[in-house]
Structure formats: structure tokens, C-alpha cells
Amino acid sequence: LRDPDLDRERHAARRLLEADEERMLAGFRNRPGEQAWIGEHVGKFLHAATLALENAPEPRLRAKRDRVADALIECQEPDGYLGTYVPDKRFGLHPGADWDVWVHKYCLLGLLAVHRHTGDPKALAACRRIGDLLTRTFGPGKR
């Protein structure tokens, strides 16, 4: 008898293994990205890959997830920015600028999942820098 849950888990891992790392990271490596919301994909990948690994360890997926997380963290700027916009368009109130916080949200979710699963201190530090940037940018008397 086939175990349908195991088949689903294997399918999820296969699908995640097919995700294009370069495309997910391109908008961070060469800002701006090809579209305003392109940066959300890497965070969603990290989160989904971590969930899949928690259910069915797969060495190739773990290596890919860790490689993508490390590459994303390398793209973070010293002030904590981890989005795909050029400096004069970040967190703006102009058309098309509303995806920047959204991308940071998904980077946070993905990197927090990585930290929860691996204990990687670099992932948690990157999340803290994002949080610090967002609290410096938004709130009463700010944007």
C-alpha cells in the first residue's frame, strides 16, 4: 500500500528542489527587481522548504534551503534593508512602492522559520536588523 502523506511530502520536496535560486535572489543582488513584489518569493520558499523538511528530511532540500538563506542574508544592507527597491524608492508613498514592507514580511517569515529549524544565529540577526529598520521607519510621527 502507498502512503498518500509520504507521496505528498516527496512531491513538495521535489517541487521546492525545482525552484530557481538565481531568480529568487536576483532582485536582491541587482536592485531593483524585475517587478515590485518579486522579493516575496524567496521568503515563501524558505518557509515552505523548512516546513517540508520538518515533515520529511531531504538532504538536497536542506542544502538548497540553507544556501538560499545564506545568500539572502548576504544581500542585507547594513541598515537592515532586505528588499528589492533602489534607495530613493524604498518605503515610499508613490505608485508601486507598497510592496517593500510586504517583501520584508516574507523575508522575516522565511528567515524565522530557518532559525527555528536550525538555530542559525545569522538568520535571527538578519530578522532583528529588519525589525529594527521597520521600527525606525514606521510608527507615530514616522511614515
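Provided above is the structure to which this section pertains.
Below is a summary of the structure that appears in this document. (Residues numbered from 1 in each chain as written. Predicted model: local features only at pLDDT ≥ 70, side-chain atom pairs only at ≥ 80, totals over all residues. Heavy atoms only, no water.)

Focus: the packing of helix H3 (residues 40-55) against helix H5 (residues 100-118)
Move 1: As a packed pair, H3 and H5 sit with axes 7 Å apart at the nearest point and diverge in direction by 25°. As far as their axial angle goes, H5 and H3 are roughly parallel. Here H3 runs over H5; the crossing is left-handed. Contacts from Glu 40, Val 42, Gly 43, Lys 44, Leu 46, His 47, Thr 50, Leu 51, Leu 53 and Glu 54 of H3 reach H5 at Trp 102, Val 103, Tyr 106, Cys 107, Leu 109, Gly 110, Leu 111, Ala 113, Val 114, Arg 116 and His 117.
Move 2: Residue composition of the contact of H3 with H5, grouped by class: 12 nonpolar, 5 polar and 4 charged. (Axes fitted to C-alpha atoms, helices over the stretch in contact; angles between N-to-C directions. Helix = DSSP H or I, 4+ residues; strand = E, 2+ residues; numbered from the N terminus. Parallel < 35°, antiparallel > 145°, perpendicular 65-115°, else oblique. Left-handed = near helix turned anticlockwise from the far one by under 90°. Contact = heavy atoms within 4.5 Å. Nonpolar A, V, L, I, M, F, W, Y, C, P; charged D, E, K, R; others polar.)

Focus: unusual backbone geometry
Peptide bonds are, in most cases, trans, and in most cases residues other than glycine have a negative phi.
Move 1: The peptide bond linking Arg 31 to Pro 32 adopts the cis configuration, its omega dihedral lying at 5°.
Move 2: For Phe 91, which is not glycine, the phi dihedral falls at a positive 50°.
Move 3: Checked against the element boundaries, Phe 91 lands in the loop between helix H4 (59-74) and H5.
Move 4: Taking relative accessible area as the criterion, Phe 91 reaches 7% and is therefore assigned buried. (Buried < 20%, exposed > 50% of the residue type's maximum accessible area, 1.4 Å probe, protein only.)

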